[in-house]
Structures are given as structure tokens and as C-alpha cells.
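Architecture at a glance
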Amino acid sequence: MSVSRRDHVQKILARRLQRDGNDRPVAYPSFDEAVRRIADERLHIYAGFDPTNPHLHFGHAVPLLLLSDLAEMGHRVTVLFGDFTARIGDPTDKAAARTALSESEVKRNLKTYTEQVGRIIPKKRFTVARNSKWLSRMRFDDVLALASRVTVQQMIARDMFQERMDAGKPIYVSEFLYPLMQGHDSVALDVDGEVGGNDQTFNMLVGRDLLRQTKNKDKLVLPTRLLADASGKKFSKTEGGLVSVDDKPEVIFEKVSKGIPDDAIRSVFELCTNVPLEAIAEMQRKAEGGSFREFNLALAEELVRMYHGDAEAVRAREIYNEARQGRVVADDEVVTVSGDAATPMTKLLASALGISKSEAKRLVDQGGVTRNGTLVTDALGPSGIADGDVLRVGSHRPFRVRLSR
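Before going into details, it helps to say that this report is about the structure given with it.

**Focus on the pairing of strand β1 (residues 44-49)**
Of all 6 residues in β1, 5 are buried; the element is thus mostly enclosed. In this sheet, strand β2 (residues 76-81) lies alongside β1 in parallel orientation, the contact comprising 6 bridges. Looking at the pairing, H44 lines up with R76 of β2. At this point the chain moves from β1, through helix α3 (residues 58-72), to the parallel β2, and the crossover so formed is right-handed. The pairing of β1 with strand β4 (residues 193-197) spans 2 bridges and is classified as parallel. Paired with I45 across the strands is G193, a residue of β4.

Spelled out as C-alpha cells, the structure:
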């Protein structure tokens, strides 16, 4: 295989893989071996996602973008939905055991996962698998045989288990089994490689060990970088730092423009988009010479463009600019509503739009409502509304509120 193809692979992997203490990309058995095999062979590579939530977020987009690159190079790509493992719960980075999900909850969460993945990887370039296909069929003697391949010492060496033991918190046997189940996914799929966030490295390496033991295959493990600020703190959903792949265009723009700190803009640009690294570096240089605001807005616009297209990206920026510039709403856009600042937003929207309270709640929960340009996140709490405030609901034109008590 030509040197140019290996150079191409090296650049693709280096962009999104975890780095070691010497700032060198990390892969198993080694970065050089991963580059060689990906450049010279046609491999079957997968990434797994547990449907513990109805929405994939931009943290998931990092391994999915790498999978998309690998698919474009001609590799066989599988996206695995952990519809069985989601019901157990991955103990990774958990200070306490996660609440188990029911089968119906998992099915509900899974409804739009394939469509969401299709926004990142062209639909004809990946296949979907679900691990309930093999895990739900295992007999108890199958489980015992699987469990015999990993020691208790290996499991309790994990940092989060050590922390829980030190704190006197319980560790359930089912949580020990989770890495084995994820590892068995690699065996069941008979893969050549796995992509996943670097917080999944332990689980992915268990699968590598199982594949070596059962099929004498040396699985590549490609741990991707996690979305974090300069201090290394991971973005939190509760702090607005994570954006869902299926968020509305204006919601993506709003969340990114408010939730990404200046010291994290470059890393999000590198990990979550395909903008050339040289162009990102140039934007950062300009930001350091003036303001990071335009750098942030360029990121927001690019992310909307990736998931909703050019027209929606332009429109989302226009909506943002209108809200920040205090655009005057015409008289025919004034809507009289019943209520005051203490009125729940659901009741206020139901009055303004002539819809049910449940529909109003759904609009808020889906990130479709802004007040004076700020995303409304609490559907049931006090609206905080005042005369003259501007509401935008979904794709409707904004309207000014006139309160009628």
C-alpha cells in the first residue's frame, strides 16, 4: 500500500484518538500497527452505544465521525446498539450503581437511534446490530464459561471500583459482568477493531483479550478523546455543554454559543467537525488576537450545517442575531396571554398558541422554545414572563407577549 494512504490514515486517527503523556495518539496494540492495518487491510470495525437516553449527543459523534472516516476508506462498519447491556448499566465513571432500565424503556430510547447515526455516517455505509441477539440467548453455563476468562483482580483494579470500596459503597456482581458482556460483543460480531471513548478503554481491552483467547485474533482498540475543557473536565449534559444530534437547528446554535467555554472551542471543532485543522488553527489565532465570540459562532454554525444543511445553518445564525440585537417585533406579532411571571411555561404556551399543556411541555422538553433569545428548559416551573418579552416556539416567527391577568 502506498505511503500516501498510510499518511492519510495517520492524520485521520491522530485527529480524534486519545493522547498519551507525550502527546502521541493511543491505540492497541500500538498506533503504528493500527495505521498499518487500517491502510493495508480491509477490516470489520465497530462502535457500541447503550440506549440509556433517547438522544445521541456530540460526545457520541466523536467515535461515529471516526467510524465514518473508516467507512469512507472502504472498511466494513457496524454500529452496535446495546439494547441488552443498557438494562444492566456500565459502571464506568459511576460513583454509584446506575438504575436499571426496563426492556420497554430501552426500546423507546432506541426508536430514532439509526436515524441519528445516519446524520453522521451515510446510511449505506454502516450496518446496525443489537447485542440482545446473542446475550439474551446465553445459558447460565455460557455465562460461567465467559466469567472464567477474567479474574476478580482485573475487575477491582478499575479506578471507579477502588473509589467505591474506599467510600464503602456497594459494587454489584452484575457490574463486574458488564465488561464481559461488552467484550463478548466483539466475539459475537467477529470484528477486527473497536472504536469508543477513552472511558471505555478497559471494556474494549476485555473484548480484545476474549477475541485473542477464543479466535486467536488481535483486535485493534481505538480509544477516542472525550469532549472536555482545557482543565480536562468533561462536558456535562446538566450544564448545557452537550448537544443532542437531533436537536433543532436553532437549539444547537443556542447551546453551542452559550455552553462551550473559550478554552474548549478548538477541541470541539477538531473532534466534532471535519473542518480542516489548518482552518481551525487560523480561526483560533484570530480569536486570540481579538475576541473568541466569532470563533464560537463559527463552531455553532458549522455544527448546524453538518446535521441540518447550509440553509438551516444560515437561518439559525439569523435567529441568534435577531435575538441578540433586540429585533422589534411588529404589532401584528403581539399575542395576548393569560398569566404572569409565576405561571408555568406550559400553561402560558397553551394560552398563547391554543395547544394542550402536554404539547406545550413536549415543545419545551425538545428544546423548541426560547424567551428573549434564551432557551427555556423548565417546562413546569414559573415562566418568569413579563410584558414585552419575545417568545419563539419551534419554527414559528417570534411574537411579543402582552399579559392579561
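**A look at unusual backbone geometry**
Backbone torsion omega between Y28 and P29 reads 10 degrees, so that peptide bond is classified as cis. With respect to the helices and strands, P29 occurs in the loop between α1 (3-16) and α2 (31-40). Within the chain, D23 stands out as a residue other than glycine whose phi angle is a positive 65 degrees. Along the chain, D23 falls in the loop between α1 and α2. In the Ramachandran plot, D190 falls in the positive-phi region, its phi being about 55 degrees despite a non-glycine side chain. Tracing the chain through its elements places D190 in the loop between α10 (173-189) and β4.

**What to know about the sheet that holds strand β7 (residues 369-371)**
The strand order across the open sheet formed by 5 strands is β6-β10-β9-β7-β8, and the pairing between neighbours is mixed. The sheet terminates laterally at β6 (334-338) and β8 (374-375), the two strands that pair on one side only. In this sheet, strand β10 (residues 399-404) lies alongside β6 in parallel orientation, the contact comprising 5 bridges. Residue pairing for β10: S338 is matched across the bridge by S404.

**Things to note about the packing of helix α13 (residues 265-272) against helix α14 (residues 277-288)**
Following both chains from N to C, one finds α13 and α14 inclined at 165 degrees, their axes separated by 10 Å at the closest point. Classified by the interaxial angle, the pair formed by α13 and α14 is roughly antiparallel. Along this stretch, α13 crosses α14, giving a crossing that reads as right-handed. Of the residues in α14, those in contact with R266, F269 and E270 of α13 are L277, I280, A281, M283 and Q284. Across the contact of α13 with α14, the residue classes break down as 5 nonpolar, 1 polar and 2 charged.

**Observations regarding the environment of D365**
Following the sequence through the fold, D365 ends up in helix α18 (residues 357-365). On the basis of relative accessible area, D365 is assigned to the partly exposed category, the value being 48%. As a C-alpha pair, D365 and D378 span 13 residues in sequence and 7.8 Å in three-dimensional space. Side-chain polar atoms of D365 contact the side chain of K361, separated by 2.7 Å.

**Some thoughts on the pattern of salt bridges**
Working definition: two side chains of opposite charge can pair if their charged atoms are close together. Throughout the structure, instances matching the rule amount to 33 salt bridges. In this structure, D40 engages R6 in a salt bridge whose closest nitrogen and oxygen atoms are separated by 2.3 Å. Taken together, the positions of D40 in helix α2 and R6 in helix α1 put the pair 34 residues apart, joining distant regions of the chain. Under the relative-accessibility criterion, R6 is labelled partly exposed at 31%. For E302, the salt bridge is made with R305, and the minimal N-O distance between the two is 3.0 Å. Of this pair, E302 and R305 both sit in helix α15 (residues 293-308), 3 residues apart, roughly one helical turn. Looking at R305, the relative accessible area reads 28%, which means it is partly exposed. Taken together, the shared-partner salt bridges connect E294, E301, E302, R305, D310 and R317 into one network.

Scoring rules and cut-offs
- Residues numbered from 1 in each chain as written.
- Predicted model: local features only at pLDDT ≥ 70, side-chain atom pairs only at ≥ 80, totals over all residues.
- Heavy atoms only, no water.
- Buried < 20%, exposed > 50% of the residue type's maximum accessible area, 1.4 Å probe, protein only.
- Helix = DSSP H or I, 4+ residues; strand = E, 2+ residues; numbered from the N terminus.
- Pairing = 2+ DSSP bridges.
- Right-handed = clockwise from strand over helix to strand, strands pointing away.
- Axes fitted to C-alpha atoms, helices over the stretch in contact; angles between N-to-C directions.
- Parallel < 35°, antiparallel > 145°, perpendicular 65-115°, else oblique.
- Left-handed = near helix turned anticlockwise from the far one by under 90°.
- Contact = heavy atoms within 4.5 Å.
- Nonpolar A, V, L, I, M, F, W, Y, C, P; charged D, E, K, R; others polar.
- Polar contact = N/O pair within 3.5 Å; in protein donor to acceptor, adjacent residues only side chain to side chain.
- Salt bridge = Lys/Arg side-chain N within 4 Å of Asp/Glu carboxyl O.

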